[in-house]
Amino acid sequence: DQQVKQNSPSLSVQEGRISILNCDYTNSMFDYFLWYKKYPAEGPTFLISISSIKDKNEDGRFTVFLNKSAKHLSLHIVPSQPGDSAVYFCAAGRWGSQGNLIFGKGTKLSVKP
Amino acid sequence: DAEITQSPRHKITETGRQVTLACHQTWNHNNMFWYRQDLGHGLRLIHYSYGVQDTNKGEVSDGYSVSRSNTEDLPLTLESAASSQTSVYFCASSLQGGGSTDTQYFGPGTRLTVL
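What you see as residue numbers is a count from 1 along each chain, following the sequence as written. Written order determines the labels here, with chains lettered from A and ligands numbered from 1. The predicted nature of this model means local features are confined to residues of pLDDT at least 70 and side-chain atom pairs, given and counted, to a pLDDT of 80 or more, with totals for whole chains, interfaces and linings taken over all residues. Each side-chain value is worked out from all heavy atoms of the structure, with water and hydrogens disregarded.

A. Layout of unusual backbone geometry. In this chain, Val78 of chain A is followed by Pro79 of chain A through a cis amide linkage whose omega measures -15°. Positive phi outside glycine occurs at Lys71 of chain A, with the angle close to 55°. Numbering goes from the N terminus for both helices and strands, where a helix is a DSSP run of H or I of at least four residues and a strand is a run of E of at least two. Among the secondary structure elements, Lys71 of chain A is positioned in the loop between β7 (62-67) and β8 (72-77). Even without being a glycine, Asn28 of chain B presents a positive backbone phi close to 65°. Within the secondary structure, Asn28 of chain B is located in the loop between β3 (19-25) and β4 (31-38).

Below, the structure written as structure tokens:
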């Protein structure tokens, strides 16, 4: 049973517009969430995170929103750039689990010039 | 600069052979992880270690083993390679108790093909 779900395998957005990537989870015990970006032939790189005590975290063009009641988080990229084209993974973890993360299957974002 | 490296980057082997993939990190992290990435499955955890001499099975551990003799290295061994183990393998590490969110840092990956 998938605990972290990314239901959209792909997303296409025009350069300059907003990209919204979604992630749902089933386990209300998760304490924090992370987004990773992955380019082809490279390892995933950490992008942004949020703890369960917050509902928003912002870093430059990237903002993550957390809705605990809906067990939903989203990553907003504004404005989108062609270099943002990559696969984005959502991940969730629990304090006390010594750093183990549960990953979603990923969403491939394509930003068109 | 601290980093995490994997070798080889590409490997082709035959069914039944033993294969070892190397992972080396200079972050001085306690935790190390091995994942495989397959189309439609995302990242699946194979094995992980919380420190020297500690190893644990993940979601898809059958056919794989690891050993942790020092902080820096966690080699992944395929005892008898099978075609179903053709995949891209990623190693990651994290600092135990590193903060409110335990971020994992990933290596560049090893693409393994089993013929």
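B. Structural detail: the nonpolar core. Core analysis: the largest hydrophobic core is formed by 23 residues, its most contacted members being Phe33, Trp35, Leu73, Leu75 and Tyr88 of chain A. Broken down by secondary-structure element, the contributors of at least two residues to this core are β3 (19-25), β4 (32-38), β5 (45-51), β7, β8, β9 (86-93) and β11 (107-112) of chain A. Take this core: its biggest share by element is four residues, from β9 of chain A. In this view, Leu75 of chain A contacts Ser19, Ile20, Leu21, Trp35, Leu47, Ile48, Phe62, Thr63 and Tyr88 of chain A; residues no more than four positions away in its chain are not counted. Judged by nonpolar contacts, the second largest core, of 18 residues, contains Val19, Trp34, Val60 and Cys91 of chain B. Take the buried residues of types Ala, Val, Leu, Ile, Met, Phe, Trp, Tyr and Cys, join any two whose side-chain atoms come within 4.5 Å, and each joined set is a nonpolar core. Burial classes: relative accessible area under 20% of the type maximum marks a residue as buried, over 50% as exposed, and values in between as partly exposed (1.4 Å probe, protein chains only). In what follows, a contact means two residues having at least one pair of non-hydrogen atoms within 4.5 Å.

C. Main features of the interface of chain B and chain A. Each partner contributes to the interface: chain B provides 23 residues, whereas chain A provides 21 residues. Values labelled buried area give the accessible surface lost by two parts on being combined, using a 1.4 Å probe and summing over both. Roughly 1700 Å² is buried in total at the junction of chain B and chain A, and carbon and sulfur atoms are behind 55% of that figure. Within this document, salt bridges are pairs made up of a side-chain nitrogen of Lys or Arg and a carboxyl oxygen of Asp or Glu, the two lying within 4 Å of each other. The interface formed by chain B and chain A includes zero salt bridges. Distance and chemistry together define a polar contact, namely a pair of N or O atoms within 3.5 Å, with one atom able to donate a hydrogen and the other to accept it when in protein, and with adjacent residues in sequence counting only for side-chain atoms on both sides. Counting every contact that joins chain B to chain A gives four residue pairs in polar contact (both at pLDDT 80 or more). Among the elements of the structure, β4, β5 (42-51) and β9 (87-94) of chain B are those that each provide at least two residues to the side of chain B that touches chain A. Considering every element that reaches the side of chain B that touches chain A, the biggest residue donor is β5 of chain B, with five residues. Following the grouping adopted for this structure description, the nonpolar residues are Ala, Val, Leu, Ile, Met, Phe, Trp, Tyr, Cys and Pro, the charged ones are Asp, Glu, Lys and Arg, and the polar ones are all others, Gly among them. Broken down by class, the residue content of the side of chain B that touches chain A amounts to nine nonpolar, 12 polar and two charged.

D. Examining the layout of surface pockets more closely. The space that makes up the largest pocket amounts to roughly 730 Å³. Around the largest pocket, the lining is made up of 34 residues, and of these Lys38, Val87 and Phe89 of chain A together with Gln37 and Leu39 of chain B lie nearest the centre. Mapped onto the lining of the largest pocket, the elements with two or more residues apiece are β9 and β11 of chain A together with β4, β9 and β11 (110-114) of chain B. For the lining of the largest pocket, the class distribution of residues is 12 nonpolar, 14 polar and eight charged. By volume, the second largest pocket amounts to about 470 Å³. Each cavity reported here is a set of points on a 1 Å grid over the protein atoms alone in which a 1.4 Å probe fits but cannot get out, each pocket an open set with protein on both sides within 12 Å along at least five of seven lines, and each lining residue one with an atom within 4 Å of a point. What lines the second largest pocket is a set of 24 residues, and nearest its centre among them are Gln3, Ile102 and Phe103 of chain A together with Leu43 and Glu59 of chain B. Counting residues per element, the ones that place at least two in the lining of the second largest pocket are β9 and β10 (101-103) of chain A together with β5 of chain B. With four residues, the single largest contributor to the lining of the second largest pocket is β5 of chain B. Grid points are joined across faces, edges and corners, and a volume is the space filled by probe spheres set on the points.

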